[in-house]
Amino acid sequence: MPDPANVGNIGQVSDLTELRRLLWRHVDQTVLPSVVVKASATPTVPNMAVADPVFALVAQGTKRTVLGETVYDYAAGQYLVVSVTLPVTAYVLEAPYAVFGLRLKPAMIADLLLETGVGRAAGEAPAIAVSRAPAELLDPVTRLVRLLERPADLPVLGPAIEREIVWRLITGEQGAMVRQLGTADSRLAQIGRAVRWIRRNYADLFRVEDAARVAGMSVTSFHRHFRAVTTMTPLQYQKQIRLQEARIRLIAEPHDVAAVGFAVGYESPSQFSREYRRMFGAPPGADAARLQGLPASDPVGV
């Protein structure tokens, strides 16, 4: 007779086996506009990218995401939630690796909260969290990917299963974080508004007072909550966004380093080169030449 304590683990292994097979069969196929299916046969090199709000469930292997000095490893049977747009370093630590990713939509979360009457979460929500995926979450994820075997069913049944997945997140271990993502006046939503504003205006002169006003906070409160969520100051965040945008532009224009530096907001080519090298470990031109020909990073960081 099976040990009751192990029944959940046995069920998870069974669900992961099917999900793993489906993910490898349908790598890079479109499930829904908000869903990505990714896999890698080998470990990858660390790559800096901007991760948008996302739920990522690993079916095989291990991924590492680094935010500031905090390291998050998530392996088969675990999921990661990112609550705001963040500059991170991510790479496949153990391969083969297969993952299901779902971009989180604040509007859908808000609708579910209104529809069900689930209360908002109190307290400070983190920017990133990792949890073990229970059977009730694995099941709808597997059913959604399974619809790729029946394309005619996908547009009819897919959106309902996507809502089911989001509901499981709202009521799961990281529910407080996910609920704040859909609550317009939560601290997380306020910081999210400021993050989006900084990303749109990254090349302009940065004044923390302007970002605090967008968030609807005092400067002192904004600075404290921004750092609590993102692990960095607003100015550090803007600098990382600037340099990552510069890196993207340099891949297309590797011989025009000074122009790229000016385009992302630097007034001094020497300062641009110095800060770029400090972040990426090589001067702008050399780094761009190395990156040419490498596959583009996944925009959702899964």
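Computed from a prediction, not measured in an experiment: that's the story for all the values here.

**Some details on the confidence of the model for the protein chain**
Per-chain confidence: the protein chain averages 88 in pLDDT, with 90% of residues scoring 70 or above. Low pLDDT, under 50, characterises residues 4–8; the stretch is placed with 0 contacts to residues that sit more than four places away or in other chains.

**Quick word on the packing of helix α6 (residues 187–200) against helix α8 (residues 219–230)**
Contact geometry for α6 and α8: axes closest at 10 Å, N-to-C directions at 90°. With respect to each other, α6 and α8 are oriented roughly perpendicular. Contact residues: Arg187, Leu188, Ile191, Ala194, Val195 and Ile198 in α6; Ser221, Phe222, His225, Phe226 and Val229 in α8. For the contact of α6 with α8, the per-class residue count stands at 8 nonpolar, 2 polar and 1 charged.

**A short note on the packing of aromatic side chains**
If you walk through the whole model with that rule in mind, you get 7 aromatic pairs. Aromatic side chains Tyr276 and Phe280 sit 4.6 Å apart centroid to centroid with 55° between the ring planes, which places their arrangement in the tilted category. Linking Tyr276 with Phe280, this pair stays in helix α11 (residues 269–280), spanning 4 residues, or about one helical turn. Accessibility assignment for this pair places Tyr276 and Phe280 in one class, buried.

**Looking at the side chain of Gln238**
You can see Gln238 is positioned in helix α9 (residues 234–252). With a relative accessible area of 4%, Gln238 lands in the buried category. At 3.1 Å, the side chain of Gln238 forms a polar contact with the backbone oxygen of Tyr202. Those residues in contact with Gln238 that lie beyond four places of it in its chain are Ile198, Tyr202, Asp204 and Phe206.

**Observations regarding the nonpolar core**
A general feature of soluble globular proteins is that nonpolar side chains tend to end up buried together. Of all hydrophobic cores here, the largest spans 87 residues; its most connected members are Phe55, Phe100, Ile128, Leu144, Ile165 and Phe222. The element that contributes the greatest number of residues to this core is strand β6 (residues 86–103), accounting for 8 residues. Setting aside anything within four residues of it in sequence, one finds Ile165 in contact with Phe55, Phe100, Leu102, Leu137, Pro140, Val141 and Leu144.

**Observations concerning helix α12 (residues 284–291)**
For α12, the full list of buried residues reads Pro284, Asp287, Ala288 and Leu291. In an axial view of α12, the angular spread of the buried residues amounts to 100°, which keeps them on one side of the axis. For α12, the secondary structure elements touched by its buried residues are α9, α10 (257–263) and α11.

**Some details on the pairing of strand β5 (residues 78–82)**
In summary, the side chains of a regular strand alternate between the two faces of the sheet. Of all 5 residues that make up β5, 4 are buried, and the element is covered over most of its length. Summarising the sheet, strand β3 (residues 54–67) and β5 pair through 4 bridges and their orientation is antiparallel. Note that in β5 the partner of Ala56 across the bridge is Leu80. Pairing between β5 and strand β7 (residues 128–132): 5 bridges, direction antiparallel. Each bridged residue has a counterpart across the sheet, and for Tyr79 the counterpart in β7 is Ser131.

**As for helix α7 (residues 208–215)**
Within α7 the residues assigned to the buried category are Val208, Asp210, Ala211, Ala212 and Ala215. Directly after α7, the chain includes Gly216, whose backbone phi takes a positive value near 75°.

**Some words on the packing of α6 against α9**
At their nearest, the axes of α6 and α9 sit 10 Å apart, and the two run at 45° to each other. As judged from the angle between their axes, α6 and α9 are oblique. Of the two possible hands of crossing, α6 and α9 adopt the one that is right-handed. Mapping the contact onto sequence places Val195, Ile198 and Arg199 in α6 and Tyr237, Gln238 and Ile241 in α9. Its residues placed into classes, the contact of α6 with α9 shows 4 nonpolar, 1 polar and 1 charged.

**Quick look at the pattern of salt bridges**
All chains considered together, the criterion is met by 17 salt bridges. Of the charged contacts in the structure, one is a salt bridge between Arg207 and Asp210, with a shortest N-O distance of 2.8 Å. Judged by relative accessible area, which is 17%, Asp210 ranks as buried. A salt bridge links Asp287 to Arg290; its shortest N-O distance comes to 3.1 Å. Note that Asp287 and Arg290 are positioned in helix α12 at a spacing of 3 residues, about one turn of the helix.

Each value, and the rule that gives it
- Residues numbered from 1 in each chain as written.
- Predicted model: local features only at pLDDT ≥ 70, side-chain atom pairs only at ≥ 80, totals over all residues.
- Heavy atoms only, no water.
- pLDDT = per-residue confidence, 0-100.
- Contact = heavy atoms within 4.5 Å.
- Axes fitted to C-alpha atoms, helices over the stretch in contact; angles between N-to-C directions.
- Helix = DSSP H or I, 4+ residues; strand = E, 2+ residues; numbered from the N terminus.
- Parallel < 35°, antiparallel > 145°, perpendicular 65-115°, else oblique.
- Nonpolar A, V, L, I, M, F, W, Y, C, P; charged D, E, K, R; others polar.
- Phe/Tyr/Trp six-rings, centres within 6.5 Å; stacked < 30°, edge-to-face > 60°.
- Buried < 20%, exposed > 50% of the residue type's maximum accessible area, 1.4 Å probe, protein only.
- Polar contact = N/O pair within 3.5 Å; in protein donor to acceptor, adjacent residues only side chain to side chain.
- Core = buried A, V, L, I, M, F, W, Y, C linked by side-chain atoms within 4.5 Å.
- Arc of directions from axis to C-beta.
- Pairing = 2+ DSSP bridges.
- Left-handed = near helix turned anticlockwise from the far one by under 90°.
- Salt bridge = Lys/Arg side-chain N within 4 Å of Asp/Glu carboxyl O.

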